[in-house]
Amino acid sequence: MKLLYLLVDLGAISVPLLASFHPKIRLYKHWKALWPAILISSVPFIVWDSYFTRIGVWGFTPEYITDVGLFGLPIEELLFFICIPYACMFTYYCFRLWKGHLHLKAEQIVTWIFIGLCLILGLAGAGRYYTSSAMSWLAIFLIYLKWQAKPKWLGLFYYSHQFLLIPFVIVNGILTGTGPEKPVVWYNNAENLGVRFLTIPIEDVFYGMLLLLLNAFLFEVFLQKSEARQSASENLPVRN
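A few points on the structure. It should be emphasised that the depicted structure is a prediction, and the values quoted were computed from it without experimental measurement.

1. Some remarks on the overall build of the chain
- On a plain count of helices and strands, the chain comes out with eight helices and six strands.
- Secondary structure elements of the chain, listed N to C terminal, follow the sequence α-α-β-β-β-α-α-α-α-α-β-β-β-α.
- Taking 18 Å as the expected radius of gyration for a compact globule of 240 residues, we find that the chain reaches 19 Å, a close match to that expectation.
- Principal-axis analysis of the C-alpha atoms places the extent of the chain at approximately 70 × 40 × 30 Å.
- Taking the intrachain contacts of the chain between residues at least 6 apart in sequence as the baseline, contacts between residues at least 24 apart amount to 80%.
- For the chain, the accessible area works out to roughly 12,700 Å², and carbon and sulfur atoms hold 68% of it.
- Counting 18 positive and 14 negative side-chain charges, the chain places the centres of these two groups 14 Å from one another.

2. A short note on the pattern of salt bridges
- Under the criterion given, the structure shown has three salt bridges.
- Residue Asp-67 pairs with Lys-2 through a salt bridge whose shortest N-O separation is 3.5 Å. Of the two residues, Asp-67 is situated in the loop between strand 1 (58-60) and strand 2 (69-70) and Lys-2 in the segment before helix 1 (4-19); the sequence distance between them amounts to 65 residues.
- For Asp-67, a relative accessible area of 74% gives the class exposed.
- Using a relative accessible area of 38% as the deciding quantity, one classes Lys-2 as partly exposed.
- With a closest N to O distance of 2.8 Å, Lys-182 and Glu-63 form a salt bridge. With Lys-182 in the loop between helix 7 (165-176) and strand 4 (185-187) and Glu-63 in the loop between strand 1 and strand 2, this residue pair connects regions lying 119 residues apart in the sequence.
- Judged by relative accessible area, Lys-182 falls into the partly exposed class, the value being 38%.

3. Points about the nonpolar core
- Counting residues in hydrophobic clusters, the biggest one holds 69 residues, and the most contacted among them are Trp-153, Phe-157, Leu-213 and Phe-219.
- Looking at this core, the element that brings in the most residues is helix 8 (residues 203-234), giving 13 residues.
- Those residues in contact with Trp-153 that lie beyond four places of it in its chain are Tyr-92, His-101, Leu-145, Leu-213, Ala-216, Phe-217, Glu-220 and Gln-224.

4. Things to note about the packing of aromatic side chains
- Under the criterion given, the structure shown has 30 aromatic pairs.
- Relative to Tyr-159, the ring of Phe-95 has its centre 5.4 Å away and its plane inclined at 85°; by these criteria the two rings are edge-to-face. In this pair, Phe-95 sits in helix 3 (residues 75-99) while Tyr-159 sits in helix 6 (residues 154-162), placing the two residues 64 residues apart along the sequence.
- Three or more aromatic residues joined by ring pairs form one cluster here, namely Phe-45, Trp-48, Tyr-51, Phe-52, Trp-58, Phe-80, Phe-81, Tyr-129, Tyr-130, Tyr-187 and Tyr-207.
- Directly above the ring of Trp-147 sits Lys-146, whose terminal nitrogen or CZ lies 5.2 Å from the centroid.

5. Points about the layout of surface pockets
- In this structure, the largest pocket occupies an estimated 620 Å³ of space.
- Together, 35 residues line the largest pocket, and Phe-80, Ile-84, Phe-168, Val-171 and Asn-172 are the ones closest to its centre.
- Elements supplying a minimum of two residues to the lining of the largest pocket: helix 1, helix 3, helix 7, strand 4 and helix 8.
- Within the lining of the largest pocket, the residues separate by chemical class into 26 nonpolar, six polar and three charged.
- If you add up the space inside the second largest pocket, you get close to 200 Å³.
- Lining the second largest pocket are Pro-44, Phe-45, Trp-48, Trp-137, Ile-140, Phe-141, Leu-210 and Leu-214.
- Counting only elements with at least two residues in the lining of the second largest pocket, the list comes to helix 2 (31-54), helix 5 (129-149) and helix 8.
- Of the residues assigned to the lining of the second largest pocket, the class counts are eight nonpolar, no polar and no charged.

Conventions adopted
- Note that residues are indexed from 1 along each chain, following the sequence as it is written.
- Side-chain atom pairs in this predicted model are given and counted only at pLDDT of 80 or more, local residue features only at pLDDT of at least 70, and totals for whole chains, interfaces and linings cover all residues.
- Note: side-chain values were computed over all heavy atoms of the structure, leaving out hydrogens and water.
- Put simply, DSSP H or I for four residues or longer makes a helix, DSSP E for two residues or longer makes a strand, and each gets a number counted from the N terminus.
- Note that the radius of gyration is over C-alpha atoms, with the globule rule given as 2.2 Å times the number of residues to the power 0.38.
- Whether two residues touch is decided by their heavy atoms; if any such pair falls within 4.5 Å, the residues are in contact.
- Throughout, the Shrake-Rupley method with a 1.4 Å probe supplies accessible areas, and for residues the shown protein chains are the sole cover considered.
- His is not counted here, nor are the chain ends, while Lys and Arg score as positive and Asp and Glu score as negative.
- To locate a charge, take NZ of a lysine, CZ of an arginine, CG of an aspartate or CD of a glutamate.
- By convention in these notes, a salt bridge is any Lys or Arg side-chain nitrogen within 4 Å of a carboxyl oxygen on Asp or Glu.
- Exposure categories follow from relative accessible area, calculated using a 1.4 Å probe and restricted to protein chains: below 20% of the type maximum is buried, above 50% is exposed, and the middle band is partly exposed.
- Within this scheme, the nonpolar core is defined by two criteria: the residues are buried Ala, Val, Leu, Ile, Met, Phe, Trp, Tyr or Cys, and they are joined through side-chain atoms within 4.5 Å.
- Pairing of aromatic rings covers Phe, Tyr and the six-membered ring of Trp, with a centre-to-centre limit of 6.5 Å; geometry is then stacked below 30 degrees between planes, edge-to-face above 60, and tilted otherwise.
- Two limits define a charge over a ring: the Lys NZ or Arg CZ must be within 6 Å of the ring centre, and within 35 degrees of the ring normal.
- Computed over the protein atoms alone on a 1 Å grid, cavities are sets of points where a 1.4 Å probe fits but cannot get out and pockets are open sets with protein on both sides within 12 Å along at least five of seven lines; a residue lines them when it has an atom within 4 Å of a point.
- Grid points are joined across faces, edges and corners, and a volume is the space filled by probe spheres set on the points.
- Throughout, the ten residues Ala, Val, Leu, Ile, Met, Phe, Trp, Tyr, Cys and Pro are labelled nonpolar, Asp, Glu, Lys and Arg are labelled charged, and all others, Gly among them, are labelled polar.

In C-alpha cells, the structure reads:
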C-alpha cells in the first residue's frame, strides 16, 4: 500500500488541525509562533535523518511510500517532522490552557531520570550510531534546559508527554511493523541496542522526546515574544 506512510502522517495531523479552530482552543491564533517552531525544529532532524538513511542506519520500505522525495528522504518522512509535532504541540497547548505552567514536584526527578537513562543507555550502546546520537543529544538538551534555560514549562511538558505515549505507540508501531506485513521504516540493529517495545526500538522514545522538547522550547520562545509584543501594543498611549 503505497500511501500507508502518507495516511499515517495525515491521520495524525487532521483532527488537531481542525480542532485548532475550536472557540475554546483557538490555536490558529498562535500559528505565527507554532509554525516557525515546527519548521526550525525539523531542520536538524532532517539533516540527521538524511545522513543516517544514506549510511544505512535506517531506511524505508518502497511498498509503503510514494516515489516523491527530497534530500534523500521520502516526502512522507519530511511530513513526519511537521504532522507529528503539530499534533503533539496541539496536545501540549491544550494542557497549557488548562493547567497553565504546571509545576510538578517530580519535575527535577524526571529530568534526572532521563539524563541518567541517556547516560546508561548511551554507554551501553557506545559505537552504535542511533543509540549514541539519540542519547547524547537528549542528555545535552536536558542539561541545557535544567541548568541554563530553566524553563517554567518543563513540568507541563512532562505532564502532557505522558498522555502522548498511547498515540506514540500506535503511530510508531505502524511505522515499525506492528500491523503491516513489513515495517514502513526499517532499522539496522547493528546501530541500536536491539531492545524493542513491540516493534519500536527503545531509542525512538528518546529521539521522539528530543524532537518534541525542541518544538516546545521554540514554541514557548516565540509564543512569549508574541505575547510580550501584544501586551506592549495594548499599553501604548493613544495618539490624539
